[in-house]
Amino acid sequence: MVVIFRSVDQENNSVSFQSEGYYDGEYLVFEDKSALETKIHLQILDNKLILIREGLIKMKITLVEGKCLPSYYKNDIGLEFNFIAFCKKLIINKNKIMVEYDMILDNEKLSSHKIWIILH
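Residues numbered from 1 in each chain as written. Predicted model: local features only at pLDDT ≥ 70, side-chain atom pairs only at ≥ 80, totals over all residues. Heavy atoms only, no water.

Novice: Mind laying out the layout of surface pockets, listing which residues take part and the relevant values?
Specialist: What the largest pocket holds in volume is close to 490 Å³. At the level of secondary structure, the elements contributing two or more residues to the lining of the largest pocket comprise strand 1 (2-9), strand 2 (14-24), strand 5 (49-55), strand 6 (58-63), strand 9 (96-105) and strand 10 (108-119). Here the lining of the largest pocket takes 4 residues from strand 1, the largest share from any one element. A class-by-class count of the residues in the lining of the largest pocket yields 14 nonpolar, 6 polar and 3 charged. (1 Å grid on protein atoms, 1.4 Å probe; cavity = no way out; pocket = protein on both sides within 12 Å on 5 of 7 lines; lining within 4 Å. Points joined across faces, edges and corners; volume = space filled by probe spheres on them. Helix = DSSP H or I, 4+ residues; strand = E, 2+ residues; numbered from the N terminus. Nonpolar A, V, L, I, M, F, W, Y, C, P; charged D, E, K, R; others polar.)

Written out as structure tokens, the structure is:
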């Protein structure tokens, strides 16, 4: 399966890549081509998306529209922090996922992100 991933933040910083994906149990797994030695594991449910990055970058975000949920980020050079992901929009279709969320740190919005994932 081909996975097309695109992310953009409020400053128009964009990440786009295409990767080969496969299912490992309930997770869709594919290489994160925006980071060395990192894979993305997606658990896609009816109204919830769990995105886990594993490798040199570790991150977990749980996204449910209208909810603020705890998340974390850690990289290989020692940057590590917990944050809140406020999911403003989550649309899950058979072959397409669209997400809008804010990253909140210390009760302040640090950044806004949009993610599109297309499955072929």
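Novice: So what's going on with the sheet that holds strand 1? Residues and values would help.
Specialist: Pairing within the closed barrel is antiparallel, and its 10 strands lie in the order 1-2-3-4-5-6-7-8-9-10. Averaged over neighbouring strand pairs, the angle between their axes works out to 25 degrees when direction is ignored. Two elements, strand 9 and strand 10, share 10 bridges in a ladder whose sense is antiparallel. Each bridged residue has a counterpart across the sheet, and for Met103 the counterpart in strand 10 is Ser111. (Pairing = 2+ DSSP bridges. Axes fitted to C-alpha atoms, helices over the stretch in contact; angles between N-to-C directions.)

Novice: How would you summarise the nonpolar core if you had to cite specific residues and measurements?
Specialist: In this structure, Phe30, Leu42, Leu63, Val99 and Ile117 are the most contacted members of the largest nonpolar core, which totals 26 residues. Of all the elements in the fold, those that place two or more residues in this core are strand 1, strand 3 (27-31), strand 4 (38-44), strand 5, strand 6, strand 8 (80-92), strand 9 and strand 10. (Core = buried A, V, L, I, M, F, W, Y, C linked by side-chain atoms within 4.5 Å. Buried < 20%, exposed > 50% of the residue type's maximum accessible area, 1.4 Å probe, protein only.)

Novice: Describe unusual backbone geometry, and please don't skip the residues or the numbers.
Specialist: Located in the positive-phi region is Glu37, a residue other than glycine, with phi close to 45 degrees. Following the sequence through the fold, Glu37 ends up in the loop between strand 3 and strand 4. Note on Glu37: relative accessible area 66%, which makes it exposed. For Asp106, which is not glycine, the phi torsion reads 55 degrees and is therefore positive.

Novice: Account for the side chain of Thr38, with residues named and values stated.
Specialist: Take Thr38: it is sitting in strand 4. Within polar-contact distance, the side chain of Thr38 engages the backbone nitrogen of Leu56 at 3.5 Å. For Thr38, the side chain forms a polar contact with the main-chain nitrogen of Ile57, separated by 3.4 Å. Setting aside anything within four residues of it in sequence, one finds Thr38 in contact with Glu31, Asp32, Arg53, Glu54, Gly55, Leu56 and Ile57. (Polar contact = N/O pair within 3.5 Å; in protein donor to acceptor, adjacent residues only side chain to side chain. Contact = heavy atoms within 4.5 Å.)

Novice: Quick rundown of the pattern of salt bridges? Include the residues and the values.
Specialist: Summed over all chains, the structure comprises 3 salt bridges. Close ionic contact of Asp32 with Arg53 constitutes a salt bridge, the shortest N to O distance being 2.8 Å. You can see Asp32 sitting in the loop between strand 3 and strand 4 and its partner Arg53 sitting in strand 5, a full 21 residues away along the chain. Salt-bridge contacts for Lys88 lead to Asp102; the nearest nitrogen and oxygen are separated by 3.1 Å. Separated by 14 residues along the polypeptide, Lys88 in strand 8 and Asp102 in strand 9 bring together distant segments of the chain. Residue class for Asp102 comes out buried when judged on its relative accessible area of 8%. (Salt bridge = Lys/Arg side-chain N within 4 Å of Asp/Glu carboxyl O.)

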